[in-house]
Amino acid sequence: MRALFSVRTVAGQFFILMLGIVVLLDAAAVVALVVQGRRDSMSAARTQSLSVAQTFAHAPGVAAALDSKDPTAVLQPRAEEIRQSTGVEYVVVAGSNGIRYTHRDLALIGKKIPGPYKEALDGEAVTRTVSASRGRSVASAVPVERRDGSVAGLVAVGIKVEAVNRLAYPSVPLTIGAGVTALALTTVGATLVGRRLSRQTRGLGPAEITRMYEHHDAVLHAVREGVLIIGPDHRLLLVNDEARRLLDLPPDAEGRAVTDLGLAAGTAELLASGQVATDELRPAGDRLLAVNLRPTEERGGQPGMVATLRDTTELRALTGRAETVRERLTLLYRAGALIGTTLDVTTTAQELADVAAPGFADCVTVDLSDSVLRGEEPHPPTGDTLDLRRTAVSGAVEGHPFYPAGRVIGYLPASTDGLGTGVGHTWIVSDLAASRQWREADPEKAVRVIEEGYHSLLSVPFRARGVILGVANFWRAGNEEPFDLDDLSFAEELVARAAVSVDNARRYTREHQMAVTLQRSLLPRGLPEQNALDVAYRYLPAQAGVGGDWFDVIPLSGARVALVVGDVVGHGLHAAATMGRLRTTVLNFSTLDLAPDELLGHLDELVVRMDQDEGSGGAAITGATCLYAIYDAVSGRCTVARAGHPGPALVLPDGTVSFPEIPAGLPLGIGGMPFEMTELEVPEGSRLVLYTDGLVERRDRDIDDGLEMLRRSLADRDRTPEETCDDVLDAMLPSRPGDDVALLVARTRTLDPSRRAQWEVPRDPAAVAGVRKQAIRWLSDQGLDEEGFVTELILSELVTNAIRYGSEPIKVRLLHDRSLICEVSDCSSTSPHLRYAATTDEGGRGLFLVAQFAQRWGARYTDRGKVIWSEQALGGPPPTAEWPL
């Protein structure tokens, strides 16, 4: 007990600390309960006073009594009855002028009521703590309202604060008693714990215990044998630094079961057995340990075992060779899993270098032929050197003496970086400093290599199908052991495996480049000249290979331009070839000036026939989507139709982005359903954005999220089409896409009204002369006087044909764009034909003259008939023609 109550011992300090904490907690609990009790009592008093006041104020007859001649006679008895039955301090009824009509002290009746009751007279209930004639009280005032809503007076009810506080006093003794009881129980518990602690510390103070621990720790960790103390439950209780090093134990080893420490199975089983052992040999990582086990309870200690460990360096030499073999097998296994994960030559070379360094060599360099990197067949050297490009470097620190990646190296029969691979021999240099042949090849570079600590070299050529692809060089510096014959056989096996992967990647690169070349040749190489749209485009091939996405910009007659975006399902040469066929077909159909829905209908029939022709041969069925839009720079309208393709985005000049509702239609090749066309109003300066699904749809992203991202990337800022393409790709495709992406952005322009003219022509041959005069006058205003003769001739022939063979209304339109466009329309669907007239024919020469003098001409059909048009080049010499006789 003396040790228990002494502040010099750990037990005494613990007892005093626990006692002080309990006293403070009890005092805080008493104060908190009293304060909380008073707070709850005040809240109950406010509620009670307000409830009594509201009940009295709303009682029948109170408002009438206030308006009577003697309110006191009626209300005083009722107020006293309420006060006595509810136990409140007072119940006061006052008129609207604040004069009391009732009070428990009759002397105060007729006097003005004190306190902040102005809100009650204004029609609001109020609760306050006020100073009244009988002391401080909690008072509530409630207005008494007449039937018309006016205030006849008020009712005030109060409860004294002293009475409220008395409600909390009864809980104080109970709280203090509970605190004393808790203090007594805690004192008893602290005494028992203190006595146990005193027995365990043997009455020692903190200084003595600290000194003993320091002595114990110094002795335990100073010995050169590993020491472990294991409890009866096979958990590690104590371990010294030498044991941690020998067994490579984790920092939190103490307290864990010896079987959960990641030790070798035999070592963990021996330590957990609890049996006496003497110099038992057990493996631990790369060491072989002699283990001794003895029980700790023989001399009165606690139950358990003490183990001592000793590193047997003599036996380590016997197991070293077997361990080396095991490491090499592990490294070959890792090489099989890590080399060749991609079909990229450079990546495969880097994987080989990363696997071999630092496990096998301190630095690895890989040099390959440029033809291999391009995917071509490597060629044997034609001279004394073989030029290889440094492709991968691994393990070398910054400032290393070797050539950097990308450098072309000319290999000699014996050079600083390896060997001449003209004959493809492996070269091993066990001691670089002693090798005269190696040093003479490049003396300056050899000195730098040796100064960096590299002392041994192993160069192995890459061979695949009897052809040398390059060289792998293995260098050692930190590892004091030079390369030997065992290392040579291992390196040849490692490089042989990597050479197969490099050759596969080379062949894939060749096929991929062939497909990309084919695809690029089938896509537009530039944009045609036209004034209707300012166009920019981007095409990104898929990471996995080429696909079937395409786009096109096709000038049409009448200052119109067609925009096309399509996508063939799948990847590879078949998809690229199919894309080329479809693009060529669209170009041919566009010369017929078909409406978008009609063009898609013809394209769908073609794809159906392609599937029928190829399906019999076992080829894959074609799947494709397409969007075809025609923008008219005269009307500012755009007609769009799509076959299963994502709809366009429309960016107005103010930055507003919308996705117009375009009927989707079925993908091409399904057949059976017509396509629908939609006409859009496109203000000048707007941007039409056409794209393929690879831009907005990915495996990890829903298409709706992709469309929302596209909307945000297009909104707000006014940008050129080139800037728009860059911003969209930066926002939508931060990395290389998994599918082809075609993006087409077109800013709209409209033809100036002053550069176009239109007249309606009556069906009278005499009207042709008037049309010629009007055309000459308009051409003069446009500064195109030199085009007058040819234009007169073309208009005469076209208008005459329309009057003779067409039907009203007949209209003439002239457009001054990049060329001079003449259009004659009528409501007939009769198709004109170019033919040679015989010498005896009176007609048949009109369209022949038009074809000779115009740059190009044609006919397109509308909902109301047809339009015959011609285009004349401006600024050049007039075309010559032979007049038929």
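Section: the overall build of the protein chain
Regarding its fold elements, the protein chain presents 22 helices and 32 strands. Out of the 885 residues belonging to the protein chain, those deemed buried represent 44%. For the protein chain, the proportion of contacts with a sequence separation of at least 24, taken over those separated by at least 6, is 60%. Summing over all exposed atoms, the protein chain offers an accessible surface of approximately 45000 Å²; the carbon and sulfur share of this is 54%.

Observations regarding the pairing of strand E27 (residues 741–748)
Of all 8 residues in E27, 8 are buried, a share of seventy percent or more. Covered by surrounding structure in E27 are Val741, Leu743, Val745 and Arg747 together with Ala742, Leu744, Ala746 and Thr748, the residues of both alternating faces. Bridge count for strand E18 (residues 533–540) against E27 is 8 bridges, and the pairing is antiparallel. Directly across from Tyr539, in E27, lies its bridge partner Ala742. Relative to E27, strand E26 (residues 687–691) runs antiparallel, the two sharing 5 bridges. Following the sheet pairing, Arg687 is matched in E27 by Arg747.

Focus on helix H14 (residues 443–451)
All buried positions along H14 are accounted for by Lys445, Ala446 and Val449. Taken down its axis, H14 places every buried residue within 105° of arc, on the same side. For H14, exposure combined with an orientation more than 90 degrees from the buried face picks out Glu444 and Glu451. Among the residues trailing H14, Gly453 stands out with phi positive, at a value near 100°.

A few points about the side chain of Gln872
Here Gln872 is to be found in strand E32 (residues 865–873). Side chain to side chain, Gln872 and Thr791 meet in a polar contact 3.3 Å long. When near neighbours in sequence (up to four residues on either side) are disregarded, Gln872 contacts Glu787, Val790, Thr791, Ile794, Ser819, Leu820, Cys822 and Gln855.

Examining the packing of aromatic side chains
For the coordinates displayed, the defined rule picks out 7 aromatic pairs. Ring centres of Phe402 and Trp475 lie 4.7 Å apart, and the angle between their planes is 45°; on these two criteria the pair is classed as tilted. Within this pair, whereas Phe402 is found in the loop between strand E11 (386–394) and strand E12 (408–411), its partner Trp475 is found in strand E17 (residues 467–476), the two being separated by 73 residues in sequence. Grouping residues by exposure puts Phe402 and Trp475 together as buried. Residues Tyr537 and Phe551 carry aromatic rings whose centres are separated by 4.7 Å and whose planes lie at 35° to one another, so their mutual orientation is tilted.

Looking at the nonpolar core
Core analysis: the largest hydrophobic core is formed by 56 residues, its most contacted members being Trp550, Leu563, Leu600 and Tyr628. Looking at which element gives the most residues to this core, the answer is strand E21 (residues 624–632), with 7 residues. With 35 residues, the next largest nonpolar core counts Ala353, Ala356, Leu458 and Phe474 among its residues.

Structural notes on the pattern of salt bridges
For the structure shown, the criterion picks out 29 salt bridges. Close ionic contact of Arg747 with Asp718 constitutes a salt bridge, the shortest N to O distance being 3.4 Å. Here Arg747, found in strand E27, pairs with Asp718, found in the loop between helix H18 (703–714) and helix H19 (721–732); they are 29 residues apart in sequence, far enough to count as distant. Salt bridges here are not isolated pairs; linked through shared partners, they connect Arg538, Glu722 and Asp726.

Quick look at unusual backbone geometry
Here the residue pair Ala357 and Pro358 is connected by a cis peptide bond, since its omega of 5° sits within 30 degrees of zero. Locating Pro358 in the fold gives a position in the loop between helix H11 (345–356) and strand E10 (363–368). Of the consecutive residues Glu808 and Pro809, the connecting peptide bond is found in the cis state with omega at 0°. Tracing the backbone shows Pro809 in the loop between helix H21 (788–805) and strand E29 (810–816). Positive phi values are uncommon outside glycine, yet His234 reaches one of about 65°.

A short note on the confidence of the model for the protein chain
Averaged over the protein chain, the pLDDT score is 80; the fraction of residues at 70 or greater is 83%. The low-confidence segment residues 413–423, where pLDDT is below 50, has 47 contacts with residues more than four positions distant or belonging to other chains. Note on residues 878–885: pLDDT under 50 across the span, and 14 contacts to partners over four residues away in sequence or across chains.

Brief notes about the sheet that holds strand E28 (residues 756–761)
As summarised here, the arrangement of the 5 strands in space is E28-E29-E30-E32-E31, forming an open sheet in which the pairing is antiparallel. With one partner strand each, in any of the chains shown, E28 and strand E31 (856–862) form the two edges of the open sheet. Each adjacent strand pair in this sheet contributes to an overall mean axis angle of 15°, direction not counted. Where H21 meets the sheet, its contacts fall on E28, E29, strand E30 (819–826) and E32, and the angle it forms with E30 comes to roughly 15°.

Some points on the sheet that holds E27
One open sheet accounts for 5 strands, arranged E18-E27-E26-E23-E24; its pairing is antiparallel. Single-partner strands in this sheet number two, and they are E18 and strand E24 (657–658). Across 3 bridges, the pairing between strand E23 (residues 649–651) and E26 is antiparallel. The residue of E26 that forms the bridge with Ala649 is Val689. Relative to E18, H19 is tilted by about 30°, and along the sheet it contacts E18, E26 and E27.

What to know about the packing of helix H20 (residues 767–781) against H21
Two numbers describe a pair of packed helices, the interaxial angle and the distance between the axes. Contact geometry for H20 and H21: axes closest at 9 Å, N-to-C directions at 145°. As H20 packs across H21, the resulting crossing turns out to be right-handed. Contacts between H20 and H21 involve Val768, Val771, Arg772, Ala775, Ile776 and Leu779 on the former and, on the latter, Gly788, Thr791, Glu792, Leu795, Ser796, Val799, Thr800 and Ile803. Residues belonging to the contact of H20 with H21 are distributed by class as follows: 8 nonpolar, 4 polar and 2 charged.

A short note on the pairing of E17
The element E17 is largely enclosed, with a buried count of 8 among its 10 residues. Inspection of the sheet shows strand E16 (residues 456–464) paired to E17 by 9 bridges, in the antiparallel sense. Note that in E17 the partner of Phe462 across the bridge is Gly470. Between the antiparallel neighbours E16 and E17 lie 2 residues, among them Arg465 with a positive phi of about 55°.

A look at a nonpolar patch on the surface
Taken together, the side chains of Leu17, Ile21 and Leu25 define a hydrophobic patch exposed on the protein surface, amounting to about 300 Å² of accessible area. With respect to the helices, strands and loops of the structure, Leu17 is situated in helix H1 (residues 10–57).

Examining a negative patch on the surface
On the surface, Glu697, Asp702, Asp704 and Asp705 cluster together to form a negatively charged patch. Position of Asp705 relative to the elements: it lies in helix H18.

Some points on the environment of Arg747
Of the residues examined, Arg747 reaches a relative accessible area of 17% and is grouped as buried. In this structure, the C-alpha to C-alpha distance between Arg747 and Ala532, residues 215 residues apart in sequence, is 8.6 Å. Among the polar contacts listed, one links the side chain of Arg747 to the backbone oxygen of Arg719, at a separation of 2.4 Å.

A word on the side chain of Asp826
Secondary-structure assignment places Asp826 in strand E30. Judged by its relative accessible area of 5%, Asp826 falls in the buried class. At a separation of 3.1 Å, a polar atom in the side chain of Asp826 contacts the side chain of Lys866. Filtering out sequence-adjacent residues up to four positions away, Asp826 remains in contact with Ala802, Gly806, Ser807, Pro809, Ile810, Arg864, Gly865 and Lys866.

Structural notes on the environment of Asp727
As for its placement among the helices and strands, Asp727 is situated in helix H19. Residue Asp727 is classed as partly exposed on the basis of its relative accessible area, which comes to 24%. Counting along the chain gives 14 residues from Asp727 to Ser713, while the straight-line C-alpha distance between them is 6.6 Å. Leaving out residues up to four positions away in the same chain, Asp727 has contacts with Arg717 and Arg719. Here Arg719 takes part through its side chain, which lies 3.0 Å from a polar atom of the side chain of Asp727.

Cut-off values and rules
Residues numbered from 1 in each chain as written. Predicted model: local features only at pLDDT ≥ 70, side-chain atom pairs only at ≥ 80, totals over all residues. Heavy atoms only, no water. Helix = DSSP H or I, 4+ residues; strand = E, 2+ residues; numbered from the N terminus. Buried < 20%, exposed > 50% of the residue type's maximum accessible area, 1.4 Å probe, protein only. Contact = heavy atoms within 4.5 Å. Areas by Shrake-Rupley, 256 points an atom, 1.4 Å probe, with all protein chains shown as cover. Pairing = 2+ DSSP bridges. Arc of directions from axis to C-beta. Polar contact = N/O pair within 3.5 Å; in protein donor to acceptor, adjacent residues only side chain to side chain. Phe/Tyr/Trp six-rings, centres within 6.5 Å; stacked < 30°, edge-to-face > 60°. Core = buried A, V, L, I, M, F, W, Y, C linked by side-chain atoms within 4.5 Å. Salt bridge = Lys/Arg side-chain N within 4 Å of Asp/Glu carboxyl O. pLDDT = per-residue confidence, 0-100. Axes fitted to C-alpha atoms, helices over the stretch in contact; angles between N-to-C directions. Left-handed = near helix turned anticlockwise from the far one by under 90°. Nonpolar A, V, L, I, M, F, W, Y, C, P; charged D, E, K, R; others polar. Patch = residues over 30% accessible without salt bridge, like charges linked within 9 Å, V, L, I, M, F, W, Y side chains within 5 Å. Lys, Arg positive; Asp, Glu negative; His and termini not counted. Charge placed at Lys NZ, Arg CZ, Asp CG, Glu CD.

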